[in-house]
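Spelled out from the first residue to the last, the chains are:
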Amino acid sequence: MGTLRLTGGTLRSRSVSTPAGRAVRPTPARVKEALFSILADRLDNANVLDLFAGTGALGFEALSRGAAHATFVELHAPTAQAIRTTAGELGVERRSSVICAPAEKAATRLAGHFDFVYADPPYALPPPHLTFGTLRSRRTIDASTTLVYERREGSEPFVLQFLRVAECSDA
């Protein structure tokens, strides 16, 4: 088991545990720094969705930087439990929720509106068009939502015309 450090906000320098092995691919620190530098003014009191959450570091970083609530969706039960544990250790359990389910299924159960969505699916999966379509049809995301989708460098980008989209690659 390893750790990542949160890079800014009220939880700056606090640790987030990472599972051992290669099941989780944390977003590189330089990508997180760039992302949150761009999004800084959009996070105050935001409702954040961290799809394919892995360590949850992106959602925790958003909470640290002023988001009101983060919802973490993670399929792997031990990893989802680790996110819950980390939320308690960071003191943000009341500002977070964890759903242990496939993203497509979780999308059918989510309620409320999300201001910011971060999606970093396993590279072996196709782009989560169905998940985003479900979120849109349930009105949990709309044209005011900022969506960041991380993909493998060299893979085909996709565009969701109804959203402001920012893509990050692993370059």
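Residues numbered from 1 in each chain as written. Predicted model: local features only at pLDDT ≥ 70, side-chain atom pairs only at ≥ 80, totals over all residues. Heavy atoms only, no water.

Across its full length, the protein chain carries 5 helices and 8 strands. Counting from the amino terminus, helix and strand elements in the protein chain follow one another as β-β-α-β-α-β-α-β-α-β-α-β-β. Buried positions account for 48% of the 171 residues belonging to the protein chain. Partitioning the intrachain contacts of the protein chain with sequence separation of at least 6 by distance along the chain shows that 61% fall at a separation of at least 24. Approximately 8,500 Å² of the protein chain is accessible, and the part contributed by carbon and sulfur atoms is 52%. (Helix = DSSP H or I, 4+ residues; strand = E, 2+ residues; numbered from the N terminus. Buried < 20%, exposed > 50% of the residue type's maximum accessible area, 1.4 Å probe, protein only. Contact = heavy atoms within 4.5 Å. Areas by Shrake-Rupley, 256 points an atom, 1.4 Å probe, with all protein chains shown as cover.)

Attention now goes to the pairing of strand 4 (residues 69–73). Among the 5 residues in strand 4, 4 count as buried, and that is most of the element. As paired elements, strand 3 (residues 47–51) and strand 4 share 4 bridges and run parallel to each other. When the sheet's bridge partners are listed, V48 is paired in strand 4 with A70. In this fold, the crossover linking strand 3 to strand 4 by way of helix 2 (residues 57–64) has right-handed handedness. The pairing of strand 4 with strand 5 (residues 96–99) spans 4 bridges and is classified as parallel. Note on strand 5: the bridge partner recorded for A70 is S96. (Pairing = 2+ DSSP bridges. Right-handed = clockwise from strand over helix to strand, strands pointing away.)

What follows concerns the packing of aromatic side chains. The full count for this structure, using the stated rule, is 1 aromatic pair. For the ring pair F60 and F72, a centre distance of 4.8 Å and an interplane angle of 40 degrees mean the geometry is tilted. Of this pair, F60 sits in helix 2 while F72 is found in strand 4, placing the two residues 12 residues apart along the sequence. Residue F60 shares its accessibility class with F72, and that shared class is buried. (Phe/Tyr/Trp six-rings, centres within 6.5 Å; stacked < 30°, edge-to-face > 60°.)

A two-sided burial pattern is seen for strand 6 (residues 116–119), the buried positions comprising F116 and Y118 on one face and V117 and A119 on the other. The sheet contact formed by strand 3 and strand 6 spans 4 bridges and is parallel. Across the sheet, residue D50 finds its bridge partner in strand 6, namely Y118.

In short, shape yes, function no, at least from these values alone.
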